[in-house]
Amino acid sequence: MAIAQSSILQQGSTIGIIGGGQLGRMLAMAAARLGYQTIVLEPQDKCPAAQVATSQIAAKYDDPDALETLAVLSDVITYEFENVPVEAARSLAQKKPVYPPPAALEISQDRLGEKQFLRECGIATADFIAIDGQKELDDALAQMSGRGVLKTRRLGYDGKGQHLFNRPGQATRHVFSDLGGVPLILEALVPFVAEISVIAARGTDGTITSYEPARNEHINGILHRSTVPANVSPQTVEAAVAAVQSLLTKLDYVGVIGLELFVMEDGSLLANEFAPRVHNSGHWTEAACVVSQFEQHIRAICGLPLSDCHRHSDCEMENLIGEDVMQLPALLQQKNTMVHLYGKNDVRPGRKMGHITRLK
């Protein structure tokens, strides 16, 4: 489908980015390559994204004056993380285009609503039960034979806000209160053989393109490595792409999305969660594709033609967590290895400091 020139955001226009972390940083870099300016809304001064963006609004994400300034200065607005206040996104959408749509943001912020929505899209998930108290937790565990993953419905990431019940008879006392006494969801443990994710994009004209799925490995709840190809069957790849296409269409989405999936022994898939943004498991596209997920997102929200997501190399992406970044001199000597640091000076355990991608 041809794209009308009038629907394309012209060079020199400004893209507003809510959130100043590494994803915002890489979005700003991709935007600059395509001739756009960027303005970042982030309370932390001199954040990673602000180091490469045109300018920064240093204020809270829901600050009314800051949101008004962002709306005035931006031609289109996006975000780099899914915990943006929904009302802030909705208020901005009344003044300027906001992509991905605030509805996708709202659904992704509640794990219960997210699982229900995935099923409405025809995408299978593990069984789940909503938990609002200690008695409900005990009853739900009994239904699941004492095994499951208990998660906060909101604000959890990188393994935070979770409790694993991996054998019958584990003590449940204080678990509900230890997780904050907030609404929870108990998800059934599933015997998956691999975890994969598919990164895809949908343009303003409805065009959808998908990158090849990556196989993911986690350590302590944090993504450690993504490998492409994922070593799954063509049928599984086809099913993963069909699932993300269904999700994008149902959401009337614009931008890049990440869908995480469990691969079962028979090759079938169960969705874990989706992220309405560029995704850590898609960082490999920066080195192994001509057009990265970051440029693809900028293309999508600006009305530009999308790339076909062609991969020119096999690869392996690894996150640099905490003191891993101290290996920089050795990493720079590795052949066919792209190093990307995020401009974070404070090294802390569990903090994502950068990533590397090895081409094979």
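Residues numbered from 1 in each chain as written. Predicted model: local features only at pLDDT ≥ 70, side-chain atom pairs only at ≥ 80, totals over all residues. Heavy atoms only, no water.

A. Fine view of the sheet that holds strand β6 (residues 148–152). Taken in spatial order, the four strands make up an open sheet running β5-β8-β6-β7, and their pairing is antiparallel. The strands lining the two open edges of the sheet, one partner per strand, are β5 (128–131) and β7 (162–165). Strand-to-strand twist across the sheet, computed as the mean angle between neighbouring axes with direction ignored, equals 20°. Where β6 lies against β7, four bridges are found, and the strand directions are antiparallel. In the sheet register, V149 faces β7, and the bridge partner there is L164. Against the sheet, helix α6 (residues 134–143) touches β5, β6, β7 and β8 (184–187), its axis set at about 170° to β5. (Pairing = 2+ DSSP bridges. Helix = DSSP H or I, 4+ residues; strand = E, 2+ residues; numbered from the N terminus. Axes fitted to C-alpha atoms, helices over the stretch in contact; angles between N-to-C directions. Contact = heavy atoms within 4.5 Å.)

B. View of the state of the cysteines. Evaluation of the coordinates by the stated rule reveals zero disulfides. For the unlinked cysteine C302, the closest cysteine sulfur is that of C309, found at 17 Å. We classify C302 as buried; its relative accessible area is 1%. (Disulfide = S-S within 2.5 Å. Buried < 20%, exposed > 50% of the residue type's maximum accessible area, 1.4 Å probe, protein only.)

C. Structural context of the pairing of strand β1 (residues 14–18). The buried count for β1 comes to five of five residues, which makes it a mostly enclosed element. Taking every second residue as pointing to the same face, both faces of β1 are buried, with T14, G16 and I18 on one and I15 and I17 on the other. At this point the chain moves from β1, through helix α1 (residues 22–33), to the parallel strand β2 (residues 37–41), and the crossover so formed is right-handed. With four bridges connecting them, β1 and strand β4 (residues 76–79) associate as parallel partners. (Right-handed = clockwise from strand over helix to strand, strands pointing away.)

D. Region of interest: the sheet that holds β1. Strand order across the open sheet formed by four strands is β3-β2-β1-β4, with parallel pairing between neighbours. Edge positions in the sheet fall to β3 (55–57) and β4, since each of these pairs with one other strand and no more. Averaged over all pairs of adjacent strands, the angle between strand axes in this sheet comes to 25°, irrespective of strand direction. In the sheet, β1 pairs with β2 via five bridges, with the strands oriented parallel. Bridge pairing links G16 to I39 in β2. Packed on one face of the sheet, helix α2 (residues 64–73) meets β1, β2, β3 and β4 and runs near 170° to β2.

E. Spotlight on the packing of aromatic side chains. Summed over all chains, the structure comprises three aromatic pairs. With a centroid separation of 4.6 Å and 20° between ring planes, the pair formed by F192 and F262 is classed as stacked. Here the residue F192 occupies a position in the loop between β8 and β9 (194–202), and F262 occupies one in strand β13 (residues 255–263), the gap between them amounting to 70 residues. On the basis of relative accessible area, F192 is assigned to the partly exposed category, the value being 35%. (Phe/Tyr/Trp six-rings, centres within 6.5 Å; stacked < 30°, edge-to-face > 60°.)

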